[in-house]
Structure formats: structure tokens, C-alpha cells
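Descriptive analysis of the structure
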Amino acid sequence: MKVEHIGIAVKNFQDANQLFAKLLGAEPYKEEKVESEAVNTSFFHVGNTKIELLEATADHSAIARFIEKKGEGIHHIAFEVEDIVAEMERLKAEGFQLLNETPKRGADNKLVCFVHPKSANGVLVELCQEIKK
Ligand SMILES: CC[C@H](C(=O)O)C(=O)SCCNC(=O)CCNC(=O)[C@H](O)C(C)(C)COP(=O)(O)OP(=O)(O)OC[C@H]1O[C@@H](n2cnc3c(N)ncnc32)[C@H](O)[C@@H]1OP(=O)(O)O
Ligand SMILES: [Co+2]
């Protein structure tokens, strides 16, 4: 398992993209709107992992609610898994609370599932499996 990306909740997508481009010395390799999560996302390569910036596109978005409560900042840690269904079964059996019954389509060509922060010491965890072409 490796850290696939670190998700950061931001209020202003353009400003945040410019700031992280300066910080990392590189432009994002991808920008993608994900309607199902009501977010705009951008991705930066950082070594063998990534930074994902997330801006809410609607008030009901998880990112909007997070920023309202906690302000901008680190939102989640995503782990890359080979078989997301098997990992979901394993975590369920270990007593972790999953936030979706089946994998759902995420950004950057992934199937994703989330683990409730209450099950993970206050950290929102995302599992990601690459969708093979
Ligand atoms: C586009 C896909 C992309 C990808 O990589 O593919 C993404 O990463 S999308 C990311 C945005 N989508 C999600 O986060 C979906 C999963 N999240 C959720 O279902 C909710 O955000 C949830 C359940 C984690 C929290 O929901 P909500 O904010 O409505 O509930 P509460 O405010 O009552 O929160 C409950 C409890 O959890 C704490 N909390 C909330 N968010 C986080 C967080 N990101 N990290 C840590 N803790 C979090 C919140 O403070 C509450 O704790 P309490 O002690 O009761 O205050
Ligand atoms: Co993510």
C-alpha cells in the first residue's frame, strides 16, 4: 500500500493552484471536475505521491461542509490498493466504518471508497484503485 494522494480543501481554486505551483515548482498535471462529489480537483505530482486540491462547487459538497467547520487545510489521505473490494471487505471485517457500500468513481481514473474519520483516529481515509484501461 502507498499514499496515492493527500487531499487539501481550498476555498479558491485558482489562488490555491498558483500557490501550490509556486510551492512545488510545477504546474498541476490535471484539473478535473467531479460532479458526484460537487468538487473541482487539481493534481500535482510530488515524488511518488500527489497533492489533490479540492474546491467545492456546491454548498452540499463535503468540501464545503469541511471548510465551513474547519477552514481550509488537509482533508484526507488516500491509499492506493490493488483490489478495493477486497480491501473494503477486510476493513469492514476489522470493524472500520465505510462511507460507501460499493466503490464509486473518483477523480484521476480511480475507483474510491472512504473510511469514516471516527474509525481512523480522526483522519478521513480514502482507498483508491486505478481503473485499468
Ligand atoms: C472527487 C473524488 C476525490 C478523489 O480523490 O477521487 C475526492 O477525494 S472527493 C473528497 C470529498 N468527498 C468526501 O470527503 C466523501 C467522504 N466524506 C463524507 O462522507 C463526509 O465528509 C464525512 C462523513 C466524513 C463528514 O460528513 P459531515 O461533514 O457532513 O459530517 P460532520 O460534520 O458531522 O462530521 C462528522 C465528524 O467527522 C469530522 N470530520 C468531517 N470531515 C472530516 C475530515 N475530512 N477529516 C477529519 N474529520 C472530519 C467532523 O469534525 C465530525 O467530528 P466531530 O468530532 O463530531 O466534530
Ligand atoms: Co481524494
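Residues numbered from 1 in each chain as written. Chains lettered and ligands numbered in written order. Predicted model: local features only at pLDDT ≥ 70, side-chain atom pairs only at ≥ 80, totals over all residues. Heavy atoms only, no water.

Applied cut-off: UniProt positions are given in the numbering used here, feature names are shortened, and annotations may be inferred rather than shown by experiment.
The name an unreviewed UniProt entry gives the chain is VOC domain-containing protein, with Rufibacter radiotolerans as the organism. The Sequence similarities (unreviewed entry) field of the UniProt record for the chain holds the comment "Belongs to the methylmalonyl-CoA epimerase family."

1. What to know about the overall build of the chain
In plain terms, the rule: Here a strand is any run of E in DSSP of at least two residues, a helix any run of H or I of at least four, and the numbering for each starts at the N terminus. For the radius of gyration, the atom set is restricted to C-alpha positions; the globular benchmark scales as 2.2 Å times the number of residues to the power 0.38.
A count of helices and strands for the chain gives three helices and eight strands. For the chain, the succession of helices and strands along the chain, N to C, is β-α-β-β-β-α-β-α-β-β-β. Here the C-alpha radius of gyration of the chain, 14 Å, is about what a compact globule of 133 residues would show, namely 14 Å. If you line up the chain on its principal axes, its C-alpha atoms span 40 × 35 × 25 Å.

2. A word on the coordination of the cobalt ion (ligand 2)
Under the convention used in this document: Each metal's donors comprise the N, O and S atoms found within 2.8 Å of it (within 3.2 Å for Na, K or Ca). Water is not part of the atom list, so some coordination spheres may appear incomplete. Labels for metal geometry use angle windows, namely 85 to 135 degrees for all angles of a four-donor tetrahedral site, and for square planar (four donors) or octahedral (six donors) sites opposite donors over 155 degrees apart plus all others within 65 to 115; sites meeting none of these are irregular. A 1.4 Å probe rolled over the protein chains alone gives each residue an accessible area, and that area as a share of the maximum for its type sets the label: buried under 20%, exposed over 50%, partly exposed in between.
Distances from the cobalt ion (ligand 2) to its protein donors, His 5 (NE2), Glu 52 (OE), His 76 (NE2) and Glu 126 (OE), fall at 2.1 to 2.3 Å. Taken together, the six donor atoms surrounding the cobalt ion (ligand 2) define angles of 81 to 176 degrees at the centre, an arrangement classified as octahedral. Sequence positions of the residues that donate to the cobalt ion (ligand 2) give the spacing H-x46-E-x23-H-x49-E. Placement of His 76 in strand β5 (residues 73–80) and of Glu 126 in strand β8 (residues 125–130) is noted, with a sequence separation of 50 residues between them. In this structure, His 76 and Glu 126 share a single accessibility class: buried.

3. A few points about the sheet that holds β8
Within a beta sheet, neighbouring strands are joined by backbone hydrogen bonds and run either parallel or antiparallel to one another. Applicable threshold: Pairing between strands is defined by DSSP: at least two bridges between them are needed. Residues count as neighbours in contact if any of their non-hydrogen atoms are within 4.5 Å of one another. Interaxial angle, 0 to 180 degrees, is taken between N-to-C directions of lines fitted to C-alpha atoms, where a helix line uses only the stretch in contact.
One open sheet accounts for eight strands, arranged β2-β3-β4-β1-β5-β8-β7-β6; its pairing is mixed. With one partner strand each, in any of the chains shown, β2 (30–34) and β6 (104–105) form the two edges of the open sheet. Running at roughly 5 degrees to strand β3 (residues 39–46), helix α1 (residues 13–24) makes contact with β1 (2–9), β2, β3 and β4 (49–56) of the sheet. Here helix α3 (residues 84–93) sits on the sheet in contact with β7 (110–115) and β8, set at roughly 150 degrees to β8.

4. Concerning the UniProt feature "domain: VOC" (unreviewed entry) in the chain
The UniProt record marks residues 2–130 with the feature "domain: VOC" (unreviewed entry), using the residue numbering of this structure. Across residues 2–130 one finds 24% helix and 40% strand; the C-alpha atoms that close the span lie 13 Å apart.

5. Looking at the site of ligand 1
Filter applied, for reference: One heavy atom within 4 Å of a molecule or strand makes the whole residue count as near it. Nitrogen and oxygen atoms within 3.5 Å of one another constitute a polar contact, given that in protein one can donate a hydrogen and the other can accept it, and given that sequence-neighbouring residues count only through two side-chain atoms. Residue burial considers only the protein chains on display, and all accessible areas are found by Shrake-Rupley using a 1.4 Å probe. Basically, the charged four are Asp, Glu, Lys and Arg, the nonpolar ten are Ala, Val, Leu, Ile, Met, Phe, Trp, Tyr, Cys and Pro, and anything else, Gly included, counts as polar.
Within the structure, ligand 1 sits among 23 residues, and Glu 37, Glu 52, Arg 65, His 75 and Ala 107 are positioned closest to it. The contact in question runs from an oxygen atom of ligand 1 to an N or O atom on the side chain of Glu 52, over 2.8 Å. With respect to ligand 1, the backbone of His 75 contributes an N or O atom lying 2.9 Å from a nitrogen atom. For ligand 1, whose accessible area on its own is 1,100 Å², the fraction buried by protein is 76%. Listing elements by their share of the shell around ligand 1, those giving two or more residues are β4, α2 (62–70), β5 and β7. For the shell around ligand 1, the leading source of residues is α2, giving five residues. Per-class residue counts for the shell around ligand 1 are eleven nonpolar, five polar and seven charged.

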